[in-house]
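# Close look at the chain arrangement
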Amino acid sequence: AEVLVDAGFDDIRLAYPIVSQDKLARLQRLASRARISFCVDTIEAARLASESYDKAGLICEVMVEVDVGYGRCGVHWNDNDSVQFVREVAALPALRIAGILTHAGHSYNGPGASESKEEALRRVMAEERDNMLAFAAALGFQCGADHAK
């Protein structure tokens, strides 16, 4: 993020969790020069960020990272504990949830025996879309065609 801010970028989203006080402090030093957000997917990391930003007198935007099938990181899209996690993060001081974010890394597995590469990508994209919309709906967001207008 520091290199990007030094190059003139003023809106940076780190698509991964920040889980150390040192890295949080480095991001806080950039707050006067750029809008910076990052992902959270554990309550421990969210609490650490909240405490750190609160002590610094800053508000930080975070994205909730959602696991839609890769199984590596993020809260699971179809789990009531994930909805509770979002509620807990939303209640923390100094954090503002800016949205949800995912990475469909399971697309790396490639096509199944009976599908082309394009079919496999379309399948994964549809799964990712449907799972994210289902998670957003579980959080109380209305998702539908009206948002496309």
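Everything that follows concerns the structure shown earlier in this document.
Now for a quick tour of the structure. (Residues numbered from 1 in each chain as written. Predicted model: local features only at pLDDT ≥ 70, side-chain atom pairs only at ≥ 80, totals over all residues. Heavy atoms only, no water.)

With that settled, consider the packing of helix H3 (residues 43-56) against helix H4 (residues 80-91). Contact geometry for H3 and H4: axes closest at 10 Å, N-to-C directions at 10°. Between H3 and H4, the angle is such that the two are roughly parallel. Here Ile43, Ala46 and Arg47 of H3 come into contact with H4, specifically with Phe85, Glu88 and Val89. Split into classes, the residues belonging to the contact of H3 with H4 amount to four nonpolar, no polar and two charged. (Axes fitted to C-alpha atoms, helices over the stretch in contact; angles between N-to-C directions. Helix = DSSP H or I, 4+ residues; strand = E, 2+ residues; numbered from the N terminus. Parallel < 35°, antiparallel > 145°, perpendicular 65-115°, else oblique. Contact = heavy atoms within 4.5 Å. Nonpolar A, V, L, I, M, F, W, Y, C, P; charged D, E, K, R; others polar.)

Attention now moves to empty space enclosed by the protein. Empty space among the atoms becomes visible once a probe the size of a water molecule is rolled across them. Evaluated as defined, the whole model comprises one cavity of 30 Å³ or more. Counting residues per element, the lining of the largest cavity draws most heavily on strand E3 (residues 60-67), which supplies three residues. Of the residues belonging to the lining of the largest cavity, the class tally is four nonpolar, three polar and three charged. (1 Å grid on protein atoms, 1.4 Å probe; cavity = no way out; pocket = protein on both sides within 12 Å on 5 of 7 lines; lining within 4 Å. Points joined across faces, edges and corners; volume = space filled by probe spheres on them.)

Before going further, it helps to examine the pairing of strand E2 (residues 35-40). Among the six residues in E2, five count as buried, and that is most of the element. Strand direction decides the pairing type here: strand E1 (residues 11-17) and E2, joined by five bridges, are parallel. Residue pairing across strands places Arg13 opposite Ser37, the latter belonging to E2. Bridge analysis of E2 against E3 gives four bridges, and the strand direction is parallel. The residue of E3 that forms the bridge with Phe38 is Val62. Taken together, E2, H3 and E3 constitute a β-α-β crossover, and its handedness is right-handed. (Buried < 20%, exposed > 50% of the residue type's maximum accessible area, 1.4 Å probe, protein only. Pairing = 2+ DSSP bridges. Right-handed = clockwise from strand over helix to strand, strands pointing away.)

This part takes up unusual backbone geometry. We note that Ala94 has phi near 75°; this positive angle belongs to a residue other than glycine. Within the fold, Ala94 resides in the loop between H4 and strand E5 (95-102). Since its relative accessible area comes to 7%, Ala94 is described here as buried.

The computed volume of the largest pocket comes to approximately 170 Å³. What lines the largest pocket is Ala1, Glu2, Leu14, Tyr16, Ile18, Lys23, Arg26, Leu27 and Leu30. Elements supplying a minimum of two residues to the lining of the largest pocket: E1 and helix H2 (21-30). With four residues, H2 is the single largest residue contributor to the lining of the largest pocket. The residue makeup of the lining of the largest pocket, split by class, is six nonpolar, no polar and three charged.

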